[in-house]
Amino acid sequence: MPLLMKQVLLVTIVVLTILVVGINAVYMLVSPKAWFRLPTWIRKQGTLTREDSTHGWGAVNVRIAGAVILAGIVWILVSFVSTKWIG
């Protein structure tokens, strides 16, 4: 497989992964109930259950997780852009 094709495939996989994780994180942050209504192929919930995580402290935990994921994505993107194009 030529190098350019590998690079295009890698960039496509990275972008799609960031999009799916970002969508999950936004839904987690905005509304844990709406996050549980996402299709299972886009929502990876692990051990979280709808009954425990859509109200009270469970919802707070889901929102914190969404905020942490979004912060991680932003941190990675900012550091990539600043080292690639600025520094």
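Predicted model only: the values in this text are computed from it and were never measured.

Observations regarding the overall build of the chain
No. 1: When its secondary structure is counted, the chain shows four helices and zero strands.
No. 2: When the helices and strands of the chain are placed in sequence order, the string is α-α-α-α.
No. 3: For 87 residues, the compact-globule estimate of 2.2 N^0.38 gives 12 Å, and the C-alpha radius of gyration of the chain, at 16 Å, exceeds that figure by more than 25%.
No. 4: Taken over 87 residues, the chain has a buried fraction of 21%.

Examining the packing of aromatic side chains
No. 1: With the rule as written, the count across this model stands at one aromatic pair.
No. 2: Residues tryptophan 35 and phenylalanine 36 carry aromatic rings whose centres are separated by 4.9 Å and whose planes lie at 65 degrees to one another, so their mutual orientation is edge-to-face.
No. 3: Residue phenylalanine 36 is classed as buried on the basis of its relative accessible area of 2%.

Some thoughts on helix H1 (residues 3–30)
No. 1: The first and last C-alpha atoms of H1 sit 40 Å apart over 28 residues, in line with the 40 Å expected at 1.5 Å per residue.
No. 2: The elements touched by buried residues of H1 are helix H2 (32–36) and helix H4 (57–86).

As for the confidence of the model for the chain
No. 1: The pLDDT averaged across the chain works out to 88; a share of 99% of its residues lies at or above 70.
No. 2: Across the chain, element-level confidence peaks in H1 with a mean pLDDT of 92 and bottoms out in helix H3 (residues 50–53) with 85.

As for the environment of glycine 72
No. 1: Mapped onto the elements, glycine 72 comes out in helix H4.
No. 2: Residue glycine 72 is classed as partly exposed on the basis of its relative accessible area, which comes to 23%.

The rules we used
What you see as residue numbers is a count from 1 along each chain, following the sequence as written. Residue-level local features of this predicted model are given only where pLDDT is at least 70; pairs of side-chain atoms are given and counted only at 80 or more, and the full residue set underlies all totals for whole chains, interfaces and linings. In computing side-chain values, all of the structure's heavy atoms are included and hydrogens and water are not. Helix and strand definitions follow DSSP, with helices as H or I runs of at least four residues and strands as E runs of at least two, each counted in order from the N terminus. For a compact globule the rule gives 2.2 Å times the number of residues to the power 0.38, and the radius of gyration it is set against comes from C-alpha atoms. Relative accessibility thresholds used throughout: buried, under 20% of the residue-type maximum; exposed, over 50%; partly exposed, between the two (1.4 Å probe, protein chains only). Only centres within 6.5 Å qualify two rings of Phe, Tyr or Trp (six-membered ring in Trp) as a pair; their planes then separate them into stacked at under 30 degrees, edge-to-face at over 60, and tilted for everything else. By this rule, a helix spans an expected 1.5 Å times one less than how many residues it contains. Residues are treated as being in contact if the distance between any of their heavy atoms lies within 4.5 Å. Each residue gets a pLDDT score, which is the predictor's confidence in that residue and runs from 0 to 100.

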